[in-house]
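Close look at the chain arrangement
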Amino acid sequence: MWSNIDMELVKVSELKARLSAYLARVRRGETVTVCDRQTPIAKLIPFDDDPGGIEVREPIDAGPLPPPPRIALRKRIDVLSLLLADRDHR
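Owing to the predicted nature of the structure, the values given are computational and were not obtained by experimental measurement. (Residues numbered from 1 in each chain as written. Predicted model: local features only at pLDDT ≥ 70, side-chain atom pairs only at ≥ 80, totals over all residues. Heavy atoms only, no water.)

A look at the pattern of salt bridges
A side chain of one charge can pair with a side chain of the opposite charge when the charged atoms of the two come close. Counted only if it meets this: Put simply, a salt bridge is a Lys or Arg side-chain nitrogen that is within 4 Å of an Asp or Glu carboxyl oxygen. Think of it in three bands: with a 1.4 Å probe and only protein chains considered, a residue is buried below 20% of the maximum accessible area for its type, exposed above 50%, and partly exposed in between.
With the rule as written, the count across this model stands at 3 salt bridges. The residue glutamate 30 makes a salt bridge to arginine 25 at a minimum N-O spacing of 2.9 Å. Aspartate 36 is paired through a salt bridge with arginine 37; the nearest N and O atoms lie 3.5 Å apart. Among the residues examined, aspartate 36 registers a relative accessible area of 36% and is labelled partly exposed. The class for arginine 37 is exposed, based on a relative accessible area of 66%.

Overview of the environment of glycine 53
Quick reminder of the rule: By the criteria applied, helices consist of DSSP H or I runs no shorter than four residues and strands consist of E runs no shorter than two, each listed in order from the N terminus.
Tracing the chain through its elements places glycine 53 in the loop between β3 (39-44) and α3 (79-88). Residue class for glycine 53 comes out exposed when judged on its relative accessible area of 72%. Sequence separation between glycine 53 and serine 13 is 40 residues; the distance between their C-alpha atoms is 36 Å.

Overview of the confidence of the model for the protein
The following threshold applies: Confidence of the predictor at the level of single residues is given by pLDDT, which spans 0 to 100. Should any heavy atoms of two residues lie within 4.5 Å, those residues are considered in contact.
Per-residue pLDDT for the protein averages 84, and the proportion of residues at 70 or more is 90%. The element-level mean pLDDT for the protein is lowest in α3, coming to 90, with helix α1 (residues 12-17) highest at 95. Every residue in residues 1-6 is under pLDDT 50, and counting partners more than four places away or in other chains gives 10 contacts.

Concerning unusual backbone geometry
Of note in the backbone geometry, arginine 37 takes a positive phi value of approximately 60 degrees without being a glycine. Along the chain, the position of arginine 37 falls in the loop between β2 (32-36) and β3.

Re the nonpolar core
The condition that has to hold: The set of buried Ala, Val, Leu, Ile, Met, Phe, Trp, Tyr and Cys residues whose side-chain atoms join them within 4.5 Å is what this entry labels a nonpolar core.
Core analysis: the biggest nonpolar cluster contains 6 residues, these being Val10, Leu15, Tyr22, Val26, Val32 and Val34. Of all the secondary structure elements, the ones that give two or more residues to this core are α2 (19-27) and β2.

Below is the structure:
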């Protein structure tokens, strides 16, 4: 199952032992799926310089962001004392 002819699935231990051979297969255009026990965890695919139609555009200037909504607190909170109290407990 793990060492079939096209080497689509490979255990982590087998990949570690024969990394150069698997990388050579990937270099030739094959894809290798790496499995931890029987669970696929990674896929080795040939590197592609062509982004495949992805276009990077400049951001749209929508102007400044609106101010965040104000939140009315039920009581006054001293953030500094809360921070110092939290640090004392560590």
